Amino acid sequence: MDLSSLAVILQAALSPNPQERKAAEESLNQYQYTPQHLVRLLQIIVDGNCDLAVRQVASIHFKNFIGKNWAPHEPGEQQKISPTDKAAVRDYLLEFIVRVPSLLRVQLGECLKTIINADYPEHWPALLTWVKCHLQDQQVYGALYVLRILSRKYEFKSEDERTPVYLIIDEAFPPLLNIFNRLVQIPSPTIEIAELIKLICKIFWSSIYLEVPKQLFDPNVFNAWMVLFLAMLERPVPTEGQPTDPEQRKSWEWWKVKKWTVHIMNRLYTRFGDPKLLKPENKPFAQMFQKHYAGKILECHLNLLNVIRQGGYLPDRVTNLVLQYLSSSISKSNTYQLLKPQLDIVLFEIIFPLMCFNDNDEKLWREDPHEYVRKGYDIIEDLYSPRTASIDFITELVRKRGKENLQKFLTFIVEVYRRYDEAAPGYKPYRQKDGALLAVGALCDKLKQTEPYKSQLEQMLVQHVFPEFRSQVGHLRAKAAWVAGQYASINFADQRNFSAALHSVVAGLRDPELPVRVDSVFALRSFVEACKDLNEIRPILPQLLDEFFKLMNEVENEDLVFTLETIVDKFGEEMAPYALGLCQNLAAAFWKCMQSAEAEEDLDESGALAAVGCLRAISTILESVSRLPHLFPQVEPILLPIMQRMLTTDGQEVFEEVLEIVSYMTYFSETISLEMWSLWPLMINALDDWAIDFFENILVPLDNYISRSTEHFLTCKEPDYQQSLFKVLSSVMTDKNIEDHDIEPAPKLIEAVLQNCKGRVDQWVEPYLRITIDRLRRTEKKYLKDLLIEVIANALYYNPHLTLNILQKLAVATEVFNLWFHMLQEVKKSGQKANFRREHDKKVCILGLTSLLSLPSELLPEESLRQIFRAVLDLLVAYKEQVAETAKNNEDEDDDMDAWKTDDDEEEEDDSDKEMGVDTEDGDEVDSQRLHKLATQAKAFQVHAGDEDDDSDDDFSDDEEFQSPIDNVDPFVFFSEIMKVMSVSDLRRFQILTQSLDFHYQAVANAVAHHAEERRVEIEKEKAEKAASGVVGKQ
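None of these values were measured; they are calculated from a predicted model.

Quick notes on the rules
Residues numbered from 1 in each chain as written. Predicted model: local features only at pLDDT ≥ 70, side-chain atom pairs only at ≥ 80, totals over all residues. Heavy atoms only, no water. Helix = DSSP H or I, 4+ residues; strand = E, 2+ residues; numbered from the N terminus. Contact = heavy atoms within 4.5 Å. Areas by Shrake-Rupley, 256 points an atom, 1.4 Å probe, with all protein chains shown as cover. Lys, Arg positive; Asp, Glu negative; His and termini not counted. Charge placed at Lys NZ, Arg CZ, Asp CG, Glu CD. Core = buried A, V, L, I, M, F, W, Y, C linked by side-chain atoms within 4.5 Å. Buried < 20%, exposed > 50% of the residue type's maximum accessible area, 1.4 Å probe, protein only. Expected span 1.5 Å × (residues − 1). Axes fitted to C-alpha atoms, helices over the stretch in contact; angles between N-to-C directions. Parallel < 35°, antiparallel > 145°, perpendicular 65-115°, else oblique. Nonpolar A, V, L, I, M, F, W, Y, C, P; charged D, E, K, R; others polar. Patch = residues over 30% accessible without salt bridge, like charges linked within 9 Å, V, L, I, M, F, W, Y side chains within 5 Å. Salt bridge = Lys/Arg side-chain N within 4 Å of Asp/Glu carboxyl O. Left-handed = near helix turned anticlockwise from the far one by under 90°. Phe/Tyr/Trp six-rings, centres within 6.5 Å; stacked < 30°, edge-to-face > 60°. Lys NZ or Arg CZ within 6 Å of the ring centre and 35° of its normal. Polar contact = N/O pair within 3.5 Å; in protein donor to acceptor, adjacent residues only side chain to side chain. pLDDT = per-residue confidence, 0-100.

Colleague: It is not clear to me how the overall build of the protein chain should be interpreted in this structure. Could you clarify?
Modeller: A tally of helices and strands in the protein chain yields 52 helices and zero strands. By principal-axis analysis of the C-alpha atoms, the protein chain measures approximately 110 × 85 × 65 Å. At a minimum sequence separation of 6, the contacts of the protein chain that also span at least 24 residues come to 75%. Carbon and sulfur atoms make up 51% of the accessible area of the protein chain, which totals about 50,000 Å². One finds the centroid of the 112 positive side-chain charges in the protein chain at a distance of 4 Å from the centroid of its 165 negative side-chain charges.

This is the structure in structure tokens:
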């Protein structure tokens, strides 16, 4: 296709007519793989005579194609772009990327990023040469733009992947430094100069993000860079040309230069400027940085903050970064000594005013309270917030230098309180009171453990916080609720104060101002957790829940749901009368989140968290009423649409939470309805298509279906659940690309079928054994080997005659049993058994091998019989010991829990080291020593906890909390009964077997027989007691 024809198609892609647009897109897709198509697209993009809208369509199509097809995504996948076209595209991009408008440069920059990530250095070694060459001619901007993308490729790479960075720095940094030096020297620099300096800063940032390159360890080279960065820090931002619009102003290029310069200084200081945190070979660099630069940077940062003090402008992000540097300076002796003379000014004239309610807060509160709430609870906003950075500074100051600063700061806060109390209504410093409350709330952890403040907290709350619940100023009512929540857990000497605060917080749920209502919900969670007498809340529970859901209909906030979860957790089964209404409201809130996401084509972070929170809260409710199965059919119609929709690809973001709901619904309900069975195909399809990472979560509901609705599983043919299960398990277990760890749920599901459907799935035994043995032969992970052998054990327990015949038919019987007996004998360096470590594993092996002993003598040779008999005896002994050890550990855990100190006990400890905080010559010395000690203990534990040659135990748990049909089968009784049958039906064989044992195994056999009789008596006793309690219950 020639250029003019391609331009016509691209123009048609902009048509308002849907048919024309669709035809154009189909044409583009049809020709996209033809030779030269990419090159022609790029020619249209860079053609200044072409319509800009057409060039933009071409750039988007070009970017999408490059992103999808430049590099193969799968091993062995065929290249879709010819080497000739690739070379032409690379050359065109380098030549034209700086000549196109910024709108198009963004798209081409993404393409260049994709190509560099795929091709450099192996397939594009000349790129660095091009950069170095053009750093020294008139195309400096283009070279910097490309170098920025190139350096960013290695920003987060680990040490072994960073080798190309060293060559980049060797070749590019000397000319880069010269360019930087020339740019800094220019008097009255233009905005274009700012853009070049910003690119240099970003290149430097990416190059030093994880480590300082060795080339910069040269003091002269590093100093040359630092002189320039410090010059940029000290130089005031030009006033000429600054936008007046606040949003445009903070994005102005010169302010971005300032931001990136501060960013780099912070990174160097916090990551590479502390000798205690670095490898020994890097300590000289840190010492040099501390000595020559840390103090100078601090001085520049204080000068920047002084701009705020004098009423000038500093972008929020720059202020935040500067305060982060100050916070890091507190713990270092040299920087703290430099900070001390100006600390009062910083604290009281800069930090505290930043903590106070301001004009922007007032405007947002009044004009967009929803946005005010979102910003207040958004962790991303915290990264840019001067207020958050101010709180962090205060917290760090009293933590590391509390002895000399805590009292001073609190005296200042008390003075704010005093001025507020003494001022006439209408003239009170409301905003300063807000800042003082924020400070006290932020310091709650320190104040709750430090005398004399600890014992004065209740008085402080009653005198200065609780009165603001009735304030005429909305933001003070909100702050009072938040602070009250921070201190809800203290021991109130007068319980009436706790009650009054609780009821004030509850009243805040009905406040006319939305932010007050949200902060009240947040505080309520703390009060519910701290409440010792639920009668405080029980009478108002209905109205509380009513206000909750009114609020949930108004805002999407996960903290609302967290509070609801806390209430449900606290009241447990008492929530039963409200369960239906709760689920209805939570389901409605969930659908609202999803609808707003669809409207915006994406789910923002707060909306996503709120949606997940709704589902988690539903799970919490279902768990709380788990002993009331009659409630589950009532909530099923409400939750079923959510489960049906979110078990498809639409629900990938909430899949785990939805599966948990399905698990509860299929486990706690009295029966599994046909409507709930409609979810089975959705889970199977998801597992077969994209949800292998959720297999462990899918296992639980599938097991519930098989074990709790066995009859339907076995008899239903439309759909055929047995067939669909085998199909997906076969697909998963035979897939060589799926890791062993991801397959572990598969043998567990086969076990569920064999144990729950005993005698009714003969036709599936061979297919399941085939895929099990196939996977067993190439499995490396010990735990999966255990599980696969246990499938064979379960098949033997299901039907030993059938299973043995199948193994012999497949010619694998000898291979399987040799492997099994080898695994039973295998030990680790510590002497512990390497395999079948859970009680359940041992029990399954016992039942499977013992079942073989029931076979006629012609099917089992005497030598095999003796080997199996000894293996079962060993397993029974190990099983008995493990059961006893588990019981003892459970008793010990109960004793340990009793031994934990209560809060009251802790209060009686010597608080001498908590009074006013602890200072040392270097504020973090104590923390460093404590961390070093903990690290040493952890390392020692790791050495003793396992053997060097052992597999990771990440996936091992002993024993998982699950139920199975063999729970009521006692392995000792089972073994004893099979041996009794043998002694009657084949006495000769029984005598040969028992008399051939050596002294050790004879003693074991006798002990096992004795224990079996004990267990039989215990089981009969338990049955009698259960029957008696049932009769009493009916009376």
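Colleague: Where do I start with the nonpolar core in this structure?
Modeller: The nonpolar side chains of a soluble globular protein tend to be buried, and buried together. In this structure, Phe62, Leu268 and Trp820 are the most contacted members of the largest nonpolar core, which totals 337 residues. Once residues within four sequence positions are removed from consideration, phenylalanine 62 is found in contact with Leu38, Leu41, Leu42, Ile45, Val89, Leu93, Leu108 and Cys111. Within the second largest apolar cluster, five residues are counted, among which are Phe357, Trp365, Tyr372 and Val516.

Colleague: Please explain helix α15 (residues 316-329) as it appears in this structure.
Modeller: Residue pairs three or four apart in sequence face the same way in an α-helix, which turns once every 3.6 residues. Between its first and last C-alpha atoms α15 spans 20 Å; for 14 residues at 1.5 Å apiece the expected length is 20 Å, and the two agree. Most of α15 is tucked away, with 12 of its 14 residues classed as buried. Buried residues along α15 sit against α13 (253-272), α14 (283-309), α16 (333-339), α17 (343-355), α20 (379-382) and α21 (386-400).

Colleague: Looking at this model, I keep getting lost on the packing of helix α18 (residues 359-367) against helix α19 (residues 369-376). Mind explaining?
Modeller: To describe two helices that pack against each other, one gives the angle between their axes and the distance between the axes. Their axes nearest at 5 Å, the elements α18 and α19 cross at an angle of 125°. Classified by the angle their axes make, α18 and α19 are oblique. Contacts from Asp361, Leu364, Trp365, Arg366 and Glu367 of α18 reach α19 at Pro369, Glu371, Tyr372 and Lys375. The residue makeup of the contact of α18 with α19, split by class, is four nonpolar, no polar and five charged.

Colleague: So what exactly am I meant to see when it comes to the environment of proline 369 here?
Modeller: Note that proline 369 resides in helix α19. Here proline 369 falls in the partly exposed class, since its relative accessible area comes to 23%. Residues proline 369 and glutamine 486, 117 residues apart in the sequence, show an inter-C-alpha distance of 23 Å. The contact partners of proline 369, leaving out residues within four places of it in the chain, are Leu364, Leu514 and Pro515.

Colleague: Hey, could you run me through unusual backbone geometry in this one?
Modeller: In this structure, the amide linkage connecting glutamate 451 to the following residue, proline 452, adopts the cis form with an omega of 10°. Looking at the secondary structure, you find proline 452 in the loop between α24 (444-447) and α25 (457-465). One non-glycine residue with positive phi stands out, namely glutamine 36, at about 75°. Relative to the helices and strands, glutamine 36 is located in the loop between α2 (18-31) and α3 (37-45). Glutamine 36 gets classed as partly exposed once you look at its relative accessible area, which sits at 33%. Phi at phenylalanine 836 is positive, roughly 50°, even though this residue is not glycine. Looking at where phenylalanine 836 falls in the secondary structure, it is placed in the loop between α45 (813-825) and α46 (839-852).

Colleague: Sorry, what's going on with a negative patch on the surface here?
Modeller: The grouping of Asp569, Glu623, Glu656 and Glu660 at the surface amounts to a negative patch. Inspection of the secondary structure assignment puts aspartate 569 in helix α30 (residues 558-571). Exposure remark for aspartate 569: the relative accessible area of 60% places this residue in the exposed category.

Colleague: Please explain the packing of helix α28 (residues 514-530) against helix α29 (residues 541-552) as it appears in this structure.
Modeller: Viewed as axis vectors pointing N to C, α28 and α29 meet at an angle of 130°, and their least axial separation amounts to 11 Å. On the basis of their axis angle, the class for α28 and α29 is oblique. Like other packed secondary-structure pairs, α28 and α29 cross with a definite hand, here left-handed. Mapping the contact onto sequence places Leu514, Arg517, Val518, Val521 and Leu524 in α28 and Leu544, Phe548 and Leu551 in α29.

Colleague: What is the right way to read the packing of aromatic side chains from this model?
Modeller: Centre-to-centre distance and the angle between the planes together describe a pair of aromatic rings. Scanning the model with the defined rule gives 53 aromatic pairs in all. Ring centres of tryptophan 255 and tyrosine 313 lie 5.5 Å apart, and the angle between their planes is 75°; on these two criteria the pair is classed as edge-to-face. With tryptophan 255 in helix α13 and tyrosine 313 in the loop between α14 and α15, this pair connects stretches of sequence that are 58 residues apart. Note on tryptophan 255: relative accessible area 6%, which makes it buried. Taking 6.2 Å as the distance between ring centres and 80° as the angle between the ring planes, the aromatic pair formed by phenylalanine 357 and tryptophan 365 counts as edge-to-face. The ring of tyrosine 487 has lysine 448 lying over it, and the distance from NZ or CZ to the ring centre is 6.0 Å.

Colleague: When you look at the environment of proline 861 in this model, what are you seeing that I'm missing?
Modeller: Inspection of the secondary structure assignment puts proline 861 in the loop between α46 and α47 (862-899). Sequence-wise, proline 861 and valine 765 are 96 residues apart; in three dimensions their C-alpha atoms are separated by 24 Å.

Colleague: Teacher, can you tell me more about helix α39 (residues 721-734) here?
Modeller: Between its first and last C-alpha atoms α39 spans 20 Å; for 14 residues at 1.5 Å apiece the expected length is 20 Å, and the two agree. Every buried residue of α39 is listed here: Tyr721, Gln722, Leu725, Phe726, Val728, Leu729, Ser730, Val732 and Met733. Where α39 starts, the residue carrying a side-chain oxygen 3.2 Å from the main-chain nitrogen of glutamine 722 turns out to be aspartate 720.

Colleague: Can you walk me through the pattern of salt bridges in this structure?
Modeller: Any two side chains of opposite charge can pair, so long as their charged atoms come close to each other. A full pass over the atoms with the stated rule returns 53 salt bridges. With a shortest N-O distance of 3.7 Å, aspartate 546 and lysine 550 are connected by a salt bridge. Of this pair, aspartate 546 and lysine 550 both sit in helix α29, four residues apart, roughly one helical turn. Take lysine 550: its relative accessible area is 46%, and that puts it in the partly exposed class.

Colleague: It is not clear to me how the confidence of the model for the protein chain should be interpreted in this structure. Could you clarify?
Modeller: Any residue range with low pLDDT should be treated as having predicted coordinates unsuitable for detailed reading. In this model, the protein chain carries an average pLDDT of 89, and 91% of its residues clear a pLDDT of 70 or more. Under a pLDDT of 50 for its full length, residues 899-960 has, in the predicted model, 77 contacts with residues more than four places off or in other chains.

Colleague: Please clarify how the environment of valine 146 should be interpreted in this entry.
Modeller: Its place among the elements puts valine 146 in helix α8 (residues 140-153). A residue is classified by how much of its surface remains accessible, and valine 146, at 0% relative accessible area, is buried. Each C-alpha atom of the pair valine 146 and leucine 128 lies 9.4 Å from the other, and the pair is 18 residues apart in sequence. Apart from residues no more than four positions distant in its own chain, valine 146 is found in contact with Leu94, Leu112, Ile116, Leu127, Trp130 and Val131.

Colleague: Help me out: how do you make sense of a nonpolar patch on the surface in this one?
Modeller: Side chains of Ile379, Ile380, Leu383 and Tyr384 sit close together on the surface and give an oily, nonpolar patch of about 390 Å² of accessible area. Take isoleucine 379: it is sitting in helix α20. On the accessibility criterion, isoleucine 379 (55% relative accessible area) is exposed.

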